[in-house]
Amino acid sequence: MNKGIISLLIVVLGMVFGTNLWSASIQRAEYGQQLAEMQFAVPEDQQARDYLGLKGKGDVFKIPEIDAQVVIVEIFSMYCPHCQKQAPALNKLFTSINNQSALKGKVKIVGMGVGNSAFEVGIFKKQYAIPFPLIPDGKQAIVNTLSGVVTPWFIGYRLNKDGSYNVFYSKPGGFSNEKEFLATMLELSGLPEGGDQ
Amino acid sequence: MKRSGWIVVLLLAGVFVLSQNISAVSQALEGSIYQVGKLKPIDSVLKVKVGDTAPDFTLQAVAGGGVTLSEYAGKKNVVISFVPAAWTPVCSDQWPGYNIVKDLFDANDAILLGITVDNIPTLFAWTSRMGELWFPVLSDFWPHGAVADTYGVLRTDGTAERAIIIVDKKGIIRYIDVHDINERPLLESIVKAFQKLQE
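A.B. asks: I'd like to hear about the overall build of chain B, residue by residue, with values.
C.D. replies: Each helix and strand counted, chain B has 7 helices and 7 strands in total. In chain B, the succession of α and β elements from N to C terminus is α-β-β-β-α-α-α-β-α-β-α-β-β-α. By the burial criterion, 49% of the 199 residues in chain B qualify as buried. Partitioning the contacts of chain B with sequence separation of at least 6, the portion at a separation of at least 24 is 69%.

Right, here's the structure in full:
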């Protein structure tokens, strides 16, 4: 086999495996960009405000303003059975992150209650003892913007020091093993071990 | 390039194309909900009003047996949740929400009755996907939509409205919300109605 064929084989194999790896982590990446441009009301709950550590001082915030290096967003609904089943694993993910000093404060989780009122989000938070902030969708802005989104849907953001961000993960469906999911998030985010200094 | 080389490349290209289809199939598996599009918000005329005695009914439950509204008289407030049809977008994410707030209903001495005009096998298949529901799901399939029609929430296409009707322990209708079929009623509207029951 000559060099030309070998080169072509490498290109085609790269297309097969590279594209599958990419599609495994990124679907509808525009959801991530659209969500990042939206404004949400700053939570009234002080614990949630402290966790988010928002850089802005107004009544509203955008996801890239969260004080973190990686933000994992779960788009959920209290009416979604899969989100209900997902809740315990997500709580374990939160605990797993916070138990690692290298990740605590650098990797954060936020839930976006698509189509859910503040009351409904509050019900979900209470029923499943969710320790991280859940943001309501009072004016149905998420529903109207993220057309066709299914729940749960996870989006991973890498926040850069200059205020910019990259969407490294956007995919429907949940997970059962929080350690595997966290490992995937860290790998795809490119966060150095121990986080950025 | 030699002919054999092109064959290998074409075979691998075929694998690439097939691999993309596999990804599309896995997404399609999630698409078991029939998209109905935007519907006329309300397509019926109520035949009952707040203060009326709730028309009694007996309907077959998915879990088996019949459920009769008047059996709750003197025991429970009854929240009747009519939803238009199984396997449709808004309906499919309404009752699962009610399924995690049994404590809210218990605190207000209330039971929830979920009703659609679908038949029992359809309702069984649909509600099985919601997990184990704590409230009865009832079929108003035959005579088709008779109970929905009695209350005036049967639409002209044979589906029911998305309606919440609350009947107190005396059998009196205390709350009616015939909601825009395209939207899910807020949970807090039921909670506020519970509060009014105490007044």
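A.B. asks: I'd like to hear about the environment of Arg129 of chain B, residue by residue, with values.
C.D. replies: Position of Arg129 of chain B among the secondary structure elements: in the loop between α5 (120–128) and β5 (137–139). A C-alpha to C-alpha distance of 9.6 Å links Arg129 of chain B and Pro96 of chain B, two positions 33 residues apart in sequence. Residue contacts for Arg129 of chain B: discarding those within four places in its chain leaves Pro81 of chain A together with Ser32 and Trp87 of chain B.

A.B. asks: Describe the environment of Ile155 of chain A, naming the residues involved and giving the relevant values.
C.D. replies: Residues and elements named next belong to chain A. Relative to the assigned elements, Ile155 resides in strand β6 (residues 153–159). In this structure Ile155 comes out as buried when scored by relative accessible area, which is 0%. In the structure, Ile155 is positioned 12 residues away from Val167 in sequence and 7.2 Å away in space, judged by C-alpha atoms. Excluding residues that lie within four positions of it along the chain, Ile155 makes contacts with Tyr31, Gly32, Leu35, Val71, Ile72, Val73, Ile75, Val167, Tyr169 and Ser170.

A.B. asks: Before we move on, could you go through the side chain of Ser139 of chain B and cite the residues and values that matter?
C.D. replies: All names here are of chain B. The residue Ser139 is located in strand β5 in this model. The exposure class assigned to Ser139 is buried, which follows from its relative accessible area of 10%. There is a polar contact of 2.6 Å between the side chain of Ser139 and the backbone oxygen of Asp118.

A.B. asks: Give a detailed account of the sheet that holds strand β5 (residues 134–136) of chain A, specifying residues and quantitative values.
C.D. replies: Residue and element names in this part refer to chain A. Ordered in space as β5-β4-β3-β6-β7, the 5 strands form an open sheet in which the pairing is mixed. Each having just a single partner strand, β5 and β7 (165–172) make up the two edges of the open sheet. Strand-to-strand, the axes of this sheet are offset by a mean angle of 20 degrees, without reference to chain direction. Here strand β4 (residues 107–113) pairs with β5 via 3 bridges, running parallel. Each bridged residue has a counterpart across the sheet, and for Met112 the counterpart in β5 is Ile135.

A.B. asks: Help me get a handle on the nonpolar core, residues and values and all.
C.D. replies: In this structure, Leu35 of chain A together with Phe82 and Tyr151 of chain B are the most contacted members of the largest nonpolar core, which totals 109 residues. Look past the residues within four positions of Phe82 of chain B in its chain and what remains in contact with it is Ile115, Val147, Ala148, Tyr151, Val153, Ala160, Glu161, Arg162, Ala163 and Ile165 of chain B.

A.B. asks: A description of the pattern of salt bridges should follow, citing residues and the corresponding values.
C.D. replies: Side chains carrying opposite charge are able to pair once their charged atoms draw close together. Residue and element names in this part refer to chain B. A full pass over the atoms with the stated rule returns 11 salt bridges over all chains. Between Asp106 and Lys102 there is a salt bridge whose closest N-O contact spans 2.9 Å. Here the residue Asp106 and the residue Lys102 both occupy positions in helix α4 (residues 102–107), the gap between them amounting to 4 residues, near one helical turn. Residue Asp106 is classed as partly exposed on the basis of its relative accessible area of 37%. Taking the relative accessible area as the measure of exposure, Lys102 reaches 35% and is therefore partly exposed.

A.B. asks: So, α5 of chain B: which residues are in play, and what are the values?
C.D. replies: Residue and element names in this part refer to chain B. By the burial criterion, the buried members of α5 are Leu123, Trp126 and Thr127. Projection of α5 onto a plane perpendicular to its axis shows the buried side chains occupying an angular sector of 90 degrees, all on one side. Across α5 from its buried face, at more than 90 degrees, point the exposed residues Pro121 and Phe124.

A.B. asks: Account for the packing of aromatic side chains, with residues named and values stated.
C.D. replies: Any pair of aromatic rings gets described here by the distance separating the centres and the angle formed by the planes. Counting across every chain of the model gives 20 aromatic pairs over all chains. Between Phe57 of chain B and Tyr151 of chain B the ring centres are 6.3 Å apart and the planes differ by 75 degrees, which places this aromatic pair in the edge-to-face class. You can see Phe57 of chain B sitting in the loop between α1 (3–28) and β1 (58–61) and its partner Tyr151 of chain B sitting in helix α6 (residues 146–151), a full 94 residues away along the chain. The same class applies to Phe57 of chain B as to Tyr151 of chain B, namely buried. By way of ring pairs, the aromatic residues Trp95, Phe105, Trp126, Trp134, Phe135 and Phe194 of chain B are connected into one cluster. Over the ring of Tyr51 of chain A we find Lys108 of chain A, and its NZ or CZ is 5.4 Å from the ring centre.

A.B. asks: Provide a residue-level description of the sheet that holds strand β4 (residues 110–116) of chain B, including the pertinent values.
C.D. replies: Residues and elements named next belong to chain B. Pairing within the open sheet is mixed, and its 7 strands lie in the order β2-β1-β5-β4-β3-β6-β7. Bordering the open sheet on either side are β2 (66–68) and β7 (173–179), each of which pairs with just one other strand. Between one strand axis and the next, the sheet turns through 30 degrees on average, direction left out of account. Two elements, strand β6 (residues 162–167) and β7, share 6 bridges in a ladder whose sense is antiparallel. Residue pairing across strands places Val167 opposite Ile173, the latter belonging to β7. Contacts from α5 reach β1, β4 and β5 within the one sheet, and its direction differs from that of β5 by about 155 degrees. Of the strands in this sheet, β3 (77–82), β4, β6 and β7 are in contact with helix α7 (residues 187–197), which crosses β7 at around 165 degrees.

A.B. asks: Can you lay out the confidence of the model for chain A for me, pointing to particular residues and giving the numbers?
C.D. replies: Summarising the model, chain A shows a mean pLDDT of 87, and 84% of its residues fall at 70 or more. The model gives residues 12–23 of chain A a pLDDT under 50, and that stretch makes 15 contacts with residues more than four places away or in other chains.

A.B. asks: Tell me about the packing of helix α5 (residues 118–127) of chain A against α7 of chain B, residues and numbers included.
C.D. replies: It is the contact of α5 of chain A with α7 of chain B, at a shortest axis distance of 8 Å, that shows an interaxial angle of 90 degrees. Classed by the angle they form, the pair α5 of chain A and α7 of chain B counts as roughly perpendicular. Side by side, α5 of chain A and α7 of chain B meet where Phe119, Glu120 and Ile123 of chain A of the first sit next to Leu187, Glu188 and Val191 of chain B of the second. Among the residues forming the contact of α5 of chain A with α7 of chain B, the class breakdown is 4 nonpolar, no polar and 2 charged.

Conventions used here
- Residues numbered from 1 in each chain as written.
- Chains lettered and ligands numbered in written order.
- Predicted model: local features only at pLDDT ≥ 70, side-chain atom pairs only at ≥ 80, totals over all residues.
- Heavy atoms only, no water.
- Helix = DSSP H or I, 4+ residues; strand = E, 2+ residues; numbered from the N terminus.
- Buried < 20%, exposed > 50% of the residue type's maximum accessible area, 1.4 Å probe, protein only.
- Contact = heavy atoms within 4.5 Å.
- Polar contact = N/O pair within 3.5 Å; in protein donor to acceptor, adjacent residues only side chain to side chain.
- Pairing = 2+ DSSP bridges.
- Axes fitted to C-alpha atoms, helices over the stretch in contact; angles between N-to-C directions.
- Core = buried A, V, L, I, M, F, W, Y, C linked by side-chain atoms within 4.5 Å.
- Salt bridge = Lys/Arg side-chain N within 4 Å of Asp/Glu carboxyl O.
- Arc of directions from axis to C-beta.
- Phe/Tyr/Trp six-rings, centres within 6.5 Å; stacked < 30°, edge-to-face > 60°.
- Lys NZ or Arg CZ within 6 Å of the ring centre and 35° of its normal.
- pLDDT = per-residue confidence, 0-100.
- Parallel < 35°, antiparallel > 145°, perpendicular 65-115°, else oblique.
- Nonpolar A, V, L, I, M, F, W, Y, C, P; charged D, E, K, R; others polar.

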